[in-house]
Amino acid sequence: MTRRSRRRLGCAEMYFYWTADCRKPRRLKAPDGGELLQAASGERHSLLLLSNHRVYSCGDNSLGQLGQKRKQNTERPEQVQSLATLHVDLVSCGKEHSIAVSHKGRVFAWGAGSNGQLGIGECKDINLMPTKIEFPDDIKIIQVSCGHYHSLALSEDGQVFSWGSNSQGQLGLGKNFSSQASPQKVKSLEGIPLAQVAAGGTHSFALSLTGTSFGWGSNSVGQLALSGEKAKVKIHKPYSIGALKSLGVVYISCGYEHTAVLTQDEKVFTFGDSSGQLQHSPQSERRGPQLVEGIDGPVSMIECGSYHTLAYVYTTGQVVSIGHGPSLTSNLTHQEAPAENSGVTCLLSAKDLVNIQVKDIFAGTFANFATTHRVSDPRSTSVSMKILPEINRINQSLVQKWIAAKRKKEREEAEREIKTIFSSSACLTASFLKKRDPVEKNFIDVDLKMARDVFKKLAEVPWISSLIITCLQNKIIKELPYNSLHQDALLVFLLLPECPMMQDPRNFWETLTVEFAKAIYKMNTESFEFLQKCWKSLDISSLSALVQMLKNTIITAISQLRHPDLMTQDQPSLKVLLEVMKRVHKVNHRLPTSTFIINELSAILNFIVEEKKLFLKYTNQLPSKSSGLVVLSDFLFGFDLPYKLRLMQWDLRAKLRSDTMAPQGSMRPELLTLRVRRSHLVEDALRQLGQAENSDLRKPLTVEFINEVSAKSAGVSSEFFHYVFEEMTDPKYGMFVYPEKSSKMWFPVNPKFEKKRYFLFGILCGLSLSNLKVAKLPFPLALYKKLLKKKTTLEDLKELSFPLGKSLQEVLNCKAGDVEELYIYFSIHWDQEDVDLIPNGISEPVNQTNRQQYVSKCVDYIFNTSVKTSYEEFHRGFYTVCNQDIIRQFHPEELMKAIIGNADCDWEQFENNSLYEEEYHKAHPTILLFWKAFHELTSDEKKKFLLFLTGCDRFHIEGLQFDGIRFRCPQTFSEEDNPRSLTCHNILDLPKYSTMGRMKEALQVIINNNKGFASWT
């Protein structure tokens, strides 16, 4: 049945009232011919709120709980005269104290106050007259709930206040707080969009609009739904009750030592003292939430008395009592639980409700009330529900009203509403909560698209935009709940980046985004892990909004640095912004990496400044993490690949200098020199690398081919890496396996070389990267993922062995029932071996249910299990040279490109990049002949020419090195001479050939004789 808000269908002058001694309900008329709107009962007194919003009281007045200026008891309701001029909306009773809330949100209390439960600033045993409770900023209160000796209040902006006894932690303020005589903010609930507060004997609850229940105070008999041997008996701060989250709670009510909750599917669960107030199955003795059995139909309202629970079954019209509580004449103490019948008893039945319907129910220790209204149509499907005042929130009609506000009164009202909502994280979050769905479990409970659309509309109205900026700056940003233990409070961190006003540029150093980033930076681990989890789940538009907000503010921060030298000083705001951007970048898997590149960072990059900071870092002289000194190599995500590699080299130099403790500006660090024979290249190189100290491996590398050119040329080391990798990756060498002809290579299952050789191969790869030398290494992307601790996938396997990857993909794509017909088992044939993927896998068939597991096992075996030893040695060797902290800021694709360069050469661009010296120029006849002949070469021939020119057959990444030819025209050369190259500078000494035939002949000579160096004089 669809639930609807209650509606009046006629005048209702009658209400029902019954007590423990007289269980038959009595029909009564409200005083002065009015209608009863609300009732509240303490242990021996009651308050009645009528339709004229006047308050009446009756019962025991020994402690002034009736508010009648005298201590005399009264059996008949009498008006509380001191409240006669107020428009009262709410009343609530504690054991012996009373509270009323006016339409304007002012709160008044009277009665017993020895424990501070009146909240009037002092502990008075008796307070006969209603006294106003003072709240901070005179905030409007919309809900109150009285416990036995404490009270709770919820304000329109979502704040919770508590006061009174704190003997069991029921105020939610923490262990170090005693009883409080004035309202105290429950800080642990800040930012949470709350729907309700409820106070019990010595325990308290709050319910959020997302359905999360928070409990605190006494759990001595399980009244907080915390069960088990390790459950605490007392909770001093609000605690998210996991046992209630899955129930879909929509309403909570508390008794003295028990609690009842109503769920979305209209069931009642109770927990706590089970001696009289609860009705569970006989075998259930647990203290966790238990379904109340024996209620004949769905329930739309519940209310707890001290020792019983009322429930309204709307399909039958019955009001039932779960547990009967004590006798009215008994001399009850709270240490004695009632021992009467605890069954489900019908208090109001259909025969009591002819042509009328229950509108609301109220329960106390001894007295119960039910208000009614007449129904003209017995077939009416309206459902009576508890309608609680809600905290302020944005809706579409409110937005339109604000935008349309022109007159002074309209503008003033709009301003007040905007200030309330945009000064409260709770209200802002409540405004965009998704509808609670019992089936779909929303991970991100706020509708970010709706928020984006609303914020955009409001940003277009100047006065609204300006007011929102002021509110955010003065309240929300300053009070962001960054250390909240409750996920509901952290949702505001997802909403704010959708707001254009967050990027107000008027005063950078107090900008909203800077303060927003500082709050994230200060988050505790648990809070940040939740936010990080949310970031991973954001759609592209929301993630992009967050990144763009941070990026724009970082650019603004950089623009404030009028000179790069200022980077030697603390820049705390810039550092915090970069740290938060780094965290977002770490979880990003949707936006292109280029989204995070901040070109302005490169503009403030200064080698001397950065190396100095890195040197201080490695010599432990850098200020603590709390300082604002920005070390740019900590934020490589903001740089493109060429700058990342430069920073990597600077980092290596600083580390090397710190190892030797050389002062800044000293002579260039000594070199790592390899002297190798071309005929024994691998043998000589590995022997010397195996003998080198780890610190030596971080030195700049030079290579000397014995009997050839001296070790000063950078082109020599380029050729060294080209040929050493060419030999070691040759299938005939046998160090790596190639699953298919022309496929990528991988580590073998059973290596024929000792594991040290893989360690040394890793060192070679690290040296090529650290010295910015590229070479052909036909590994798949999977290798670079593993180096960066990224998970390998089926797509990576397709790159290594397309036939195998394709067959596994077909297993995943099979229709239901077809997998079994493939007769596949949990084993794999790889690298000439048959291996079980699980114990006795050859006997375990692959089916529809386990096929994903099978494919994952295959991928894991090939990339991880089968190569564990040899890969780990390679990994160790690579990071013996390279700094893991730096390299792991690369993306797999970037690292791959940095190591293997660009094999797909753009020869047209190569020509355009070229430079001409001396008498040569672009239109010179010899140059025209050269380019015509060059472009007629095959692709392989062009690469051989490149090897002759640079020592490498491929280009490095664009922007890192010069990709072109520097043509020179030696005066001593004749047409009979062949061209000569200086590989370290891409210089080609080209004789002035006059014919195409000679030009082609010369090119063939150099591309077929490109190996080896000779000394030029």
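Keep in mind it's a predicted model, so treat the numbers as computed, not measured. (Residues numbered from 1 in each chain as written. Predicted model: local features only at pLDDT ≥ 70, side-chain atom pairs only at ≥ 80, totals over all residues. Heavy atoms only, no water.)

**Re the packing of helix H9 (residues 512–521) against helix H11 (residues 540–559)**
Then, in step 1: H11 packs onto H9 with a crossing angle of 115° between their chain directions and a minimal axis gap of 10 Å. The angle between H9 and H11 falls in the class roughly perpendicular. With respect to the hand of their crossing, H9 and H11 are arranged in left-handed fashion. Of H11, the residues touching H9 (which contributes Thr513, Val514, Phe516 and Ala517) are Leu546, Met549, Leu550 and Thr553. (Axes fitted to C-alpha atoms, helices over the stretch in contact; angles between N-to-C directions. Helix = DSSP H or I, 4+ residues; strand = E, 2+ residues; numbered from the N terminus. Parallel < 35°, antiparallel > 145°, perpendicular 65-115°, else oblique. Left-handed = near helix turned anticlockwise from the far one by under 90°. Contact = heavy atoms within 4.5 Å.)

**Description of the pairing of strand E9 (residues 107–112)**
Then, in step 1: Within E9, six of the six residues are buried, leaving the element largely enclosed by the surrounding structure.
Then, in step 2: Count of turn residues in the strand E8 (residues 97–102)/E9 antiparallel hairpin: four residues, of which Gly105 carries a positive phi of about 85°.
Then, in step 3: Where E9 and strand E10 (residues 126–133) come together, five bridges link them in antiparallel fashion. Along E10, the bridge assignment pairs Val107 with Ile133. (Buried < 20%, exposed > 50% of the residue type's maximum accessible area, 1.4 Å probe, protein only. Pairing = 2+ DSSP bridges.)

**Section: a nonpolar patch on the surface**
Then, in step 1: A grouping of Tyr823, Tyr825 and Ile842 is seen on the molecular surface, where their side chains present a nonpolar patch of about 340 Å² in accessible area.
Then, in step 2: Mapped onto the elements, Tyr823 comes out in the loop between helix H21 (802–813) and strand E31 (827–830). (Patch = residues over 30% accessible without salt bridge, like charges linked within 9 Å, V, L, I, M, F, W, Y side chains within 5 Å. Areas by Shrake-Rupley, 256 points an atom, 1.4 Å probe, with all protein chains shown as cover. Salt bridge = Lys/Arg side-chain N within 4 Å of Asp/Glu carboxyl O.)

**Some thoughts on the confidence of the model for the protein**
Then, in step 1: For the protein, per-residue confidence averages 88 on the pLDDT scale, and residues scoring 70 or more make up 90% of the total.
Then, in step 2: Contacts from residues 281–286, a stretch scored under 50 in pLDDT, to residues over four places away or in other chains number two contacts.
Then, in step 3: A low-confidence stretch, residues 1013–1017 stays under pLDDT 50, and its non-local contacts, those more than four residues away or across chains, total 12 contacts. (pLDDT = per-residue confidence, 0-100.)

**Details of helix H29 (residues 996–1008)**
Then, in step 1: Taking 1.5 Å per residue, 13 residues should reach 18 Å; H29 reaches 18 Å between its end C-alpha atoms and fits that length.
Then, in step 2: Where the residues of H29 are buried, they touch helix H27 (925–935) and helix H28 (939–950). (Expected span 1.5 Å × (residues − 1).)

**A closer look at the sheet that holds E10**
Then, in step 1: Read across the sheet, four strands follow the order E7-E8-E9-E10 without closing on themselves; strand pairing throughout is antiparallel. Each having just a single partner strand, strand E7 (88–93) and E10 make up the two edges of the open sheet. Put simply, the sheet's adjacent strands are angled 15° from each other on average, direction ignored.

**A short note on the packing of aromatic side chains**
Then, in step 1: One pass over the full model with this rule turns up 49 aromatic pairs.
Then, in step 2: Their ring planes at 70° and their centres at 5.4 Å tell us that Phe432 and Phe455 sit as a pair that is edge-to-face. Highlighted residues: Phe432 in the loop between helix H4 (425–431) and helix H5 (448–459) and Phe455 in helix H5, separated in sequence by 23 residues. Comparing Phe432 with Phe455 shows no difference in burial state: the two are buried.
Then, in step 3: Arranged with centres 5.4 Å apart and planes meeting at 70°, the rings of Phe736 and Phe747 form a pair that is edge-to-face. Of the two residues, Phe736 is situated in the loop between helix H17 (714–728) and helix H18 (755–770) and Phe747 in the loop between H17 and H18; the sequence distance between them amounts to 11 residues.
Then, in step 4: Residue classification places Phe747 among the buried residues on the basis of a relative accessible area of 0%. (Phe/Tyr/Trp six-rings, centres within 6.5 Å; stacked < 30°, edge-to-face > 60°.)

**A closer look at the side chain of His722**
Then, in step 1: On the secondary structure map, His722 appears in helix H17.
Then, in step 2: Setting aside chain neighbours within four positions, we find His722 in contact with Leu947, Gly951 and Asp953.

**Some thoughts on unusual backbone geometry**
Then, in step 1: Backbone geometry at His53 places phi at a positive 65°, although glycine is not the residue there.
Then, in step 2: Considering the arrangement of structural elements, one finds His53 in the loop between strand E4 (45–50) and strand E5 (55–59).
Then, in step 3: A positive phi angle, near 60°, is found at Asn620, a position not held by glycine.

**Concerning helix H23 (residues 868–881)**
Then, in step 1: The terminal C-alpha atoms of H23, which comprises 14 residues, lie 21 Å apart, in line with the 20 Å expected from a rise of 1.5 Å per residue.
Then, in step 2: In this structure, the buried side of H23 is in contact with helix H15 (641–660), H18, helix H19 (781–787), helix H24 (884–887) and helix H25 (892–900).

**What about the pattern of salt bridges?**
Then, in step 1: Counting across every chain of the model gives 39 salt bridges.
Then, in step 2: Its salt-bridge partner being Lys267, residue Asp265 comes within 3.9 Å of it at the nearest N-O pair.
Then, in step 3: The exposure class of Asp265 is partly exposed, given its relative accessible area of 44%.
Then, in step 4: Note on Lys267: relative accessible area 35%, which makes it partly exposed.
Then, in step 5: For Lys401, the salt bridge goes to Glu413, with nearest N and O atoms at 3.4 Å.

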